[in-house]
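Close look at the chain arrangement
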Amino acid sequence: MSTSFSPIPKPPIDKFEVTPNLNYDTDLDGFDWQTIMDELDWLPGGGLNKAHEAIDRHALNPETANKLAMIWEGKNGEREDYTFADMKEQSDKFANVLKSLGIELGDRVFIFMERVPELYFAFFGILKAGAVAGPLFSAFGPDPVKDRMEDAGAKILVTQPDLRRKVTEIIPHLPELQHIIVVNKDNRDPEPLDAQDLSYEVEMAKASAEFQITNTSQNDYSIMHYTSGTTGKPKGAIHRHHAVIQQYSTGKWALDFHPDDLYWCTADPGWVTGTSYGMIAPWTNGVTQLIYEGGFRASYWYELIQKYKVTVWYTAPTAIRMLMKAGDELPKKYDFSSLRFAASVGEPLNPEAVVWGKDVLGHVFHDNWWQTETGAILCANYASSEIRPGSMGRPIPGVELAILDEDFKPVGPGQDGNLAVRPGWPSMFQHYWQKTDMYNSRFKRGWYITGDTANVDKDGYFWFVGRADDVINTAGHLVGPFEVESALIEHEAVAEAGVIGKPDPIAMELVKAFVSLKEGFEPSEKLRRDIMRFVRSKMAAAVAPREIEFIDSLPKTRSGKIMRRLLKARELGLPEGDTSTLEDD
Ligand code: ATP
Ligand code: MG
């Protein structure tokens, strides 16, 4: 992959104020997952439970019981603080509520809530009861909620009054659903409960604050997440408690958690990043987290970093591009001196954005790669290593990644192919719920096939090329949309770009770009030609876009990913397929 950005060196380790947890270039000899397993607590009965590792082990330790686990800021500016001991008490109570309702090992309990503290109490209560937590993004409409709960056979739904009202029509269609528990946080909602619903507050008031965690085996299921739906109908990936081993260790290695950190993960728990890295990884590492209920606003996000003295920040390319769109003057008004480490996941992070982070926030974004299916980060740029802007870094210790050709055999450095993982990493998904054939189809010649196209350079850094389905074949050249999009957003007027292959009788496919502009720029023929010229100066003319179309905003999933399949369907006048995760305009 060509890039016009040079590597950004990291200072030698001893120049860091905080020594990185992992020196990737020297620490890996003789790596063994057993070392990590020994760092966890495990249950007295020999089992493993994410809630014990994340919450109770700190709550039961006098040195950490009163340490803050969660600093919550509500959307109306409210603030609530919870220690690990508080988290234990609340989640114990909720586990008792579930038990009193007959919940057993392996039952699915779904959460459809805003980011309020009760979401987190419920989540860990579910795990403690031995049930499987299925978090749903609160912006979903009734149909996506129905599809997922029906597919999973959910027995209980934990929700909030306005969200409960939003899904009223689907309830009769969920025969396995036994109870709805409604959290009326701070009595925000004045309307009475539906007669068939249970009040969270009433049930919690009755529940004992002592609960003995179910002695779950490391192989028992813990969490299920539906994928983002970027490439098609979302699939329910199910994970086991065993995944905690890698969620904990990648928190240390890829996000470089240290005990005094104040961490902010901007992902919602409705997506896997919001549970693996918005709950399990930070709390198993005993780190204090900021949870912000509100949505995106550039100025307020900057203010949150300053106000809470955030030290480690994990966000996504779509958010970074929105911050970039808001301009370089705004961040100058804020103090980011607390920030020590910034990371990004979810989509390829354009090199432009990596460098912007360094110039404007004083920190490069450390891109890392993983999927709902992988449960945890598998490839990362580390605190200790040089950053190669545009690269997703190097494999997590203990994880084997490879690039495979169409026969699923490894290829050499620099060659594009299927990004694959050697099965057996601790946080590997165990199943696509109700979709055994699809699950099995992802494994070939002893590898798990990720569905992404990438290459690896001679130093072992991996470079994302595109989703396998999105790679464009134009006049015999294979073009990854990411490379073209990255060149486009280097232009001063371009905020976001989505690139597709448009069928063409001669070239097979033409590269077509959809572009949204930064504030202060208007679409014009002159600007179109200027962007075209600019991209041609950056990349070979044969792979530069032949067509550029200006659009106000790109279609994205609710988790913020550009939906190129939708751009393509719209371009060709074809059916749009599953749009259950499409963001509202
Ligand atoms: P679906 O599987 O339903 O189409 P999805 O693949 O977008 O949706 P997720 O599991 O949320 O669902 O996303 C994982 C995918 O996101 C990866 O396979 C990859 O395509 C993309 N991705 C995640 N992180 C990165 C990254 N750092 N660089 C490039 N791509 C990334
Ligand atoms: Mg996927």
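Residues numbered from 1 in each chain as written. Chains lettered and ligands numbered in written order. Predicted model: local features only at pLDDT ≥ 70, side-chain atom pairs only at ≥ 80, totals over all residues. Heavy atoms only, no water.

**Considering the site of ligand 1**
The local shell around ligand 1 holds 21 residues, among which T227, T230, T231, T372 and K561 are the closest. Take S228: an N or O atom from its side chain is 2.8 Å from an oxygen atom of ligand 1. At 3.4 Å, a backbone N or O of P348 approaches a nitrogen atom of ligand 1. Summarising the interface, the protein chains cover 96% of the accessible area of ligand 1, which totals 630 Å² for the free molecule. Elements with a minimum of two residues in the shell around ligand 1: β14 (365–369) and β22 (462–467). (Near = heavy atom within 4 Å. Polar contact = N/O pair within 3.5 Å; in protein donor to acceptor, adjacent residues only side chain to side chain. Areas by Shrake-Rupley, 256 points an atom, 1.4 Å probe, with all protein chains shown as cover. Helix = DSSP H or I, 4+ residues; strand = E, 2+ residues; numbered from the N terminus.)

**A short note on the packing of helix α4 (residues 117–128) against helix α9 (residues 272–284)**
Packing of α4 against α9 leaves a shortest axis separation of 13 Å and a crossing angle of 70 degrees. Considering their axes alone, α4 and α9 lie roughly perpendicular with respect to each other. Only T275, G278, M279, I280 and W283 of α9 make contact with α4, whose side of the interface consists of L119, Y120, F123 and F124. Class assignment for the residues of the contact of α4 with α9 results in seven nonpolar, two polar and no charged. (Axes fitted to C-alpha atoms, helices over the stretch in contact; angles between N-to-C directions. Parallel < 35°, antiparallel > 145°, perpendicular 65-115°, else oblique. Contact = heavy atoms within 4.5 Å. Nonpolar A, V, L, I, M, F, W, Y, C, P; charged D, E, K, R; others polar.)

**Overview of the packing of aromatic side chains**
For the structure on display, the rule yields 33 aromatic pairs. Taken together, a centroid distance of 4.8 Å and an interplanar angle of 65 degrees make the contact between F296 and W301 edge-to-face. On the basis of relative accessibility, which here comes to 8%, the residue W301 falls in the buried class. Each ring, one from F464 and one from F482, has its centre 6.3 Å from the other, and the planes form 70 degrees; the classification is edge-to-face. Here the residue F464 occupies a position in strand β22, and F482 occupies one in helix α14 (residues 481–489), the gap between them amounting to 18 residues. (Phe/Tyr/Trp six-rings, centres within 6.5 Å; stacked < 30°, edge-to-face > 60°. Buried < 20%, exposed > 50% of the residue type's maximum accessible area, 1.4 Å probe, protein only.)

**Description of the pairing of β22**
Counting buried residues in β22 gives five out of six residues, a clear majority hidden from the surface. The pairing of strand β21 (residues 447–456) with β22 spans five bridges and is antiparallel. Each residue of the ladder has a partner; that of T453, found in β22, is G466. The hairpin turn running from β21 into β22, its antiparallel successor, is five residues long, and G460 in that turn takes a positive phi close to 90 degrees. (Pairing = 2+ DSSP bridges.)

**Some points on the pairing of strand β18 (residues 417–421)**
The two faces of a sheet get side chains in turn, since along a regular strand they alternate between them. Most of β18 is tucked away, with five of its five residues classed as buried. The pairing of strand β17 (residues 401–404) with β18 spans four bridges and is antiparallel. The residue of β18 that forms the bridge with A402 is A420. Sheet topology note: the β18/β21 ladder contains four bridges and is antiparallel. Opposite N418, over in β21, you have T453 as the bridge partner.

**Observations concerning the sheet that holds strand β2 (residues 79–83)**
Taking strand neighbours across the sheet as the criterion, the nine strands line up as β2-β1-β11-β10-β12-β13-β14-β15-β16 in an open arrangement whose pairing is mixed. The sheet is open, and its two borders are formed by β2 and β16 (394–395), each paired with just one other strand. In terms of strand pairing, strand β12 (residues 312–315) meets strand β13 (residues 341–344) through four bridges, oriented parallel. Paired with T315 across the strands is S344, a residue of β13. Against the sheet, helix α11 (residues 317–325) touches β12, β13 and β14, its axis set at about 100 degrees to β12. Along the sheet, helix α12 (residues 351–361) makes contact with β12 and β14, crossing β14 at roughly 150 degrees.

**A closer look at unusual backbone geometry**
Phi at W42 is positive, roughly 65 degrees, even though this residue is not glycine. As for its placement among the helices and strands, W42 is situated in the loop between α1 (33–39) and α2 (50–59). The residue D256 is not glycine, and still its phi comes out positive at about 55 degrees. When you line up the elements, D256 lands in the loop between α8 (244–253) and β10 (262–265). On the basis of relative accessible area, D256 is assigned to the buried category, the value being 2%.

**Some remarks on the nonpolar core**
If you look at the biggest cluster of nonpolar residues, it comprises 100 residues, and the most contacted ones within it are F94, F124 and W283. Once residues lying within four places of it in the same chain are set aside, the contact partners of F124 are K50, A51, A54, I55, S91, M279, I280 and W283. Counting residues in hydrophobic clusters, the runner-up holds 32 residues, among them Y300, V310, L349 and F365. (Core = buried A, V, L, I, M, F, W, Y, C linked by side-chain atoms within 4.5 Å.)

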